[in-house]
Amino acid sequence: MKKTIMLLAAAILVNTAVFAQTTWNLDKAHANLKFTVTHLLVSDVDGSFKDFDATIVSSKPDFSDAKFSFTAQTASVNTENEKRDGHLKSADFFDVEKFPTITFASTSIKKVADKKYKVTGNLTLHGTTKVVTLDLWYRGTIVNPMSKADDAGFQVTGTIKRSDFAFGTKFPAAVVSDEVEIKANGEFGKGK
């Protein structure tokens, strides 16, 4: 009898933990995913992805246990230059036919200051998966005056090396910097 009660209590605790988690969905109208590289050592070139999605799953209001994931469609790369965008989509860079997505799935989150975190996870780019750590700023949660639902805001920044992903290997760092700066902003609506 005692064993049955303990098993029942454990099942209730597990179910409570599962139901306590909330999924937050990206508001694509209030989000962006950008990158910056340096060209010929003297000029920064900015780009973005026009087609991407992200979700957050968390059970804590400060998001200190959050799991982040995103997917970007490589064919949506946009640098405001049609010729350059075509080259970026080719096998020299994104190779969009072979590698149609970039994905990230967090594996841990560490609070470093008020509303500031380090998020570590697996980034898959150009068919290669590497562990990366990015800076996360939780900008707060508000009640959206239009939807009357909770919205949370985040900014993610960081730097990756394209050489880690065998990306654009024909082009040395003197032509296109090895370091790629990433910056993403997004509002997320609390799931029902």
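Owing to the predicted nature of the structure, the values given are computational and were not obtained by experimental measurement. (Residues numbered from 1 in each chain as written. Predicted model: local features only at pLDDT ≥ 70, side-chain atom pairs only at ≥ 80, totals over all residues. Heavy atoms only, no water.)

## Details of the packing of aromatic side chains
The geometry of two aromatic rings is summed up by the distance between their centres and the angle between their planes.
So, point 1. Applying the stated criterion across every chain yields a total of twelve aromatic pairs.
So, point 2. Note on Phe49 and Phe94: the rings are 5.6 Å apart at their centroids and 85 degrees apart in plane angle, and the pair reads as edge-to-face. Of the two residues, Phe49 sits in strand 2 (residues 43-49) while Phe94 sits in the loop between helix 2 (82-89) and strand 6 (101-113), which places them 45 residues apart along the sequence.
So, point 3. The exposure class of Phe49 is buried, given its relative accessible area of 9%. (Phe/Tyr/Trp six-rings, centres within 6.5 Å; stacked < 30°, edge-to-face > 60°. Helix = DSSP H or I, 4+ residues; strand = E, 2+ residues; numbered from the N terminus. Buried < 20%, exposed > 50% of the residue type's maximum accessible area, 1.4 Å probe, protein only.)

## Description of a nonpolar patch on the surface
So, point 1. Taken together, the side chains of Leu40, Leu41 and Val42 define a hydrophobic patch exposed on the protein surface, amounting to about 340 Å² of accessible area.
So, point 2. Note that Leu40 resides in the loop between strand 1 (22-39) and strand 2.
So, point 3. A residue is classified by how much of its surface remains accessible, and Leu40, at 45% relative accessible area, is partly exposed. (Patch = residues over 30% accessible without salt bridge, like charges linked within 9 Å, V, L, I, M, F, W, Y side chains within 5 Å. Areas by Shrake-Rupley, 256 points an atom, 1.4 Å probe, with all protein chains shown as cover. Salt bridge = Lys/Arg side-chain N within 4 Å of Asp/Glu carboxyl O.)

## Brief notes about the side chain of Ser76
So, point 1. Within the secondary structure, Ser76 is located in the loop between strand 4 (67-73) and strand 5 (77-78).
So, point 2. Engagement of the side chain of Ser76 in a polar contact is seen with the backbone nitrogen of Asp51, the distance being 3.0 Å.
So, point 3. The residues touching Ser76, leaving out its near neighbours within four places in the chain, are Ser48, Phe49, Lys50 and Asp51. (Polar contact = N/O pair within 3.5 Å; in protein donor to acceptor, adjacent residues only side chain to side chain. Contact = heavy atoms within 4.5 Å.)

## With respect to the confidence of the model for the chain
So, point 1. Taken as a whole, the chain shows an average pLDDT of 92; of its residues, 90% reach a score of 70 or greater.
So, point 2. Residue range residues 11-19 is modelled with pLDDT below 50. Its contacts to residues more than four positions away, or to other chains, number zero contacts. (pLDDT = per-residue confidence, 0-100.)

## Here's the deal with the layout of surface pockets
So, point 1. Looking at the largest pocket, its volume works out to about 900 Å³.
So, point 2. If you go around the largest pocket, you meet 46 residues; those closest to its centre are Lys34, Phe35, Phe49, Val180 and Ile182.
So, point 3. Here the lining of the largest pocket gets seven residues from one element, more than from any other, and that element is strand 1.
So, point 4. Of the residues belonging to the lining of the largest pocket, the class tally is 34 nonpolar, nine polar and three charged.
So, point 5. Lining the second largest pocket are 14 residues, and of these Lys34, Phe35, Thr36, Asp46 and Gly47 lie nearest its centre.
So, point 6. Elements represented by at least two residues in the lining of the second largest pocket include exactly strand 1, strand 2, strand 9 (150-161) and strand 10 (179-190).
So, point 7. Per-class residue counts for the lining of the second largest pocket are two nonpolar, seven polar and five charged. (1 Å grid on protein atoms, 1.4 Å probe; cavity = no way out; pocket = protein on both sides within 12 Å on 5 of 7 lines; lining within 4 Å. Points joined across faces, edges and corners; volume = space filled by probe spheres on them. Nonpolar A, V, L, I, M, F, W, Y, C, P; charged D, E, K, R; others polar.)

## Focus: the pattern of salt bridges
So, point 1. Going through the model one piece at a time under the given rule, you end up with five salt bridges.
So, point 2. The partner of Asp150 in a salt bridge is Lys190, with the nearest N and O atoms 3.8 Å apart. A residue pair is termed long-range when its members are at least 10 positions apart, and Asp150 in strand 9 and Lys190 in strand 10 qualify at 40 residues.
So, point 3. Using a relative accessible area of 27% as the deciding quantity, one classes Asp150 as partly exposed.
So, point 4. We classify Lys190 as partly exposed; its relative accessible area is 37%.

## Looking at a negative patch on the surface
So, point 1. On the surface, Asp44, Asp46, Glu179 and Glu181 cluster together into a patch of negative charge.
So, point 2. Residue position: Glu181 is located in strand 10. (Lys, Arg positive; Asp, Glu negative; His and termini not counted. Charge placed at Lys NZ, Arg CZ, Asp CG, Glu CD.)

## Let's talk about the pairing of strand 10
So, point 1. Here strand 1 runs beside strand 10; their pairing, made up of ten bridges, is antiparallel. Opposite Leu33, over in strand 10, you have Ala184 as the bridge partner.
So, point 2. The sheet contact formed by strand 9 and strand 10 spans eleven bridges and is antiparallel. Looking at strand 10, one finds that Asp151 is bridged to Gly189. (Pairing = 2+ DSSP bridges.)

## Section: the nonpolar core
So, point 1. Phe49, Ile56, Phe63, Phe68, Phe94, Phe154 and Ile160 are the most contacted members of the largest nonpolar core, which has 41 residues in total.
So, point 2. At six residues, strand 1 tops the list of elements feeding residues into this core.
So, point 3. If we ignore the near neighbours within four places in the chain, the residues touching Ile160 are Leu123, Leu125, Val132, Phe165, Asp178, Glu179, Val180 and Ile182. (Core = buried A, V, L, I, M, F, W, Y, C linked by side-chain atoms within 4.5 Å.)

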